[in-house]
Amino acid sequence: MKPDLEPVRVLVVEDEHKVASALKEGLEGEGYEVVVEHTGEAALVRLKTDPFDIVLLDLLLPGRDGLEVLRTLRERGYETPVLVLTARDTLDDRVTGLDSGADDYLVKPFAFAEVVARMRALLRRGRSSGAARLGIGDLEMDLVARKVTRAGRKVELTLREFELLEYLLRYEGQVVSRGTLATDVWHETARTTSLDNVIDVHIARLRRKIDAESVVKLIQTVRGVGFTLREEEA
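Residues numbered from 1 in each chain as written. Predicted model: local features only at pLDDT ≥ 70, side-chain atom pairs only at ≥ 80, totals over all residues. Heavy atoms only, no water.

Draft legend 1. Molecular detail of helix α6 (residues 159–170). Taking 1.5 Å per residue as the helical rise, α6 with its 12 residues ought to reach 16 Å, and the 17 Å between its terminal C-alpha atoms agrees with that figure. Taken across its 12 residues, α6 has nine buried, putting it largely inside the fold. When α6 is considered as a whole, its buried residues turn out to be Glu 161, Phe 162, Leu 164, Leu 165, Glu 166, Tyr 167, Leu 168, Leu 169 and Arg 170. (Helix = DSSP H or I, 4+ residues; strand = E, 2+ residues; numbered from the N terminus. Expected span 1.5 Å × (residues − 1). Buried < 20%, exposed > 50% of the residue type's maximum accessible area, 1.4 Å probe, protein only.)

Draft legend 2. Looking closely at the pairing of strand β2 (residues 33–37). By the criterion of burial, β2 is predominantly enclosed, with four of the five residues buried. Both strand β1 (residues 9–13) and β2 contribute to a ladder of five bridges, which runs parallel. In the strand pairing of β2, Leu 11 is matched with Val 35. (Pairing = 2+ DSSP bridges.)

Draft legend 3. The nonpolar core, seen in detail. Ranked by size, the top nonpolar core spans 29 residues in total, and within it Val 148, Leu 165, Leu 181 and Ile 210 carry the most contacts. Breaking this core down by element, the ones donating at least two residues are β6 (133–136), β7 (139–142), α6, α7 (178–184), α8 (193–211), β11 (216–222) and β12 (226–233). With six residues, α6 is the single largest residue contributor to this core. Beyond its immediate sequence surroundings of up to four residues, Val 148 is in contact with Leu 139, Glu 140, Met 141, Arg 153, Lys 154, Val 155, Leu 157, Phe 162, Leu 165 and Ile 210. Ala 43, Leu 59, Leu 61 and Tyr 105 belong to the second-largest nonpolar core, a separate cluster that totals 20 residues. (Core = buried A, V, L, I, M, F, W, Y, C linked by side-chain atoms within 4.5 Å. Contact = heavy atoms within 4.5 Å.)

Draft legend 4. Main features of the side chain of Glu 14. Positionally, Glu 14 belongs in the loop between β1 and α1 (17–29). Owing to a relative accessible area of 2%, Glu 14 belongs among the buried residues under this scheme. What Glu 14 contacts, discounting residues up to four positions off in sequence, is Val 19, Ala 20, Glu 37, His 38, Asp 58, Leu 61 and Lys 108.

Draft legend 5. Fine view of the environment of Glu 79. Residue position: Glu 79 is located in the loop between α3 (66–75) and β4 (82–86). Judged by relative accessible area, Glu 79 falls into the exposed class, the value being 58%. Glu 79 sits 24 residues away from Asp 103 along the chain, and the two C-alpha atoms are 9.9 Å apart.

Draft legend 6. Examining the sheet that holds β6 more closely. Pairing in this open sheet of four strands is antiparallel, and the strands run β6-β7-β8-β9 from one edge to the other. Edge positions in the open sheet fall to β6 and β9 (153–155), since each of these has one partner strand only. Sheet twist, expressed as the mean angle between neighbouring strand axes with direction ignored, is 25 degrees. Of the strand pairs in this sheet, β6 and β7 are connected by four bridges, and their pairing is antiparallel. Within β7, the residue paired with Leu 134 across the bridge is Met 141. Its contacts with the sheet put α6 on β6, β7 and β8 (147–150), and the angle it makes with β7 is roughly 115 degrees. Along the sheet face, α8 touches β7, β8 and β9 and points at about 170 degrees away from the line of β9. (Axes fitted to C-alpha atoms, helices over the stretch in contact; angles between N-to-C directions.)

Following this line, the structure appears as structure tokens:
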């Protein structure tokens, strides 16, 4: 995404200089304005004086680590979205990160396109208040345990189906186009007919798993536009 007006300001907090440089170069190529800090202390000082639209935060920092930085920011009432980038990939690590105030969590090594897609999603919706659960009606999603239930019944989803449903839940009531899903869920920059077909197949499978046994249908098709998630009786 290349901002149309004022550039989006990004603070990258990463002690690995090669990773920080690669992120800075890539994001600036996308039209973002990027500042890099290599320690947690320097990041906190910078954030006191400079405004940013989003923060990319590594957890394994020298001195004050990323979790301490994150907790300090939230205690100060700083509500800018924070995307954690880290090699810590256990369930407990994800829980701790989200509970500390992270808005999203991406495990290294990661694809640059996914970083941009996650940033775009956070910038569109603003802070999620660290919520680890999403839901509508009797549909519930646990983002940490990666579990979905409908009326108490466990729904088995593939990774892509889970990501697709999460996206629809985050934009509940809004119509999202196939082009938006291609970019933000499939992380593809070019929309194609074959990809549209793949998206339609996944929507159909998700609808069968989510709505087939329920009177109230949640996944709606807006003909010629896209899809939306809202409660609607059959």
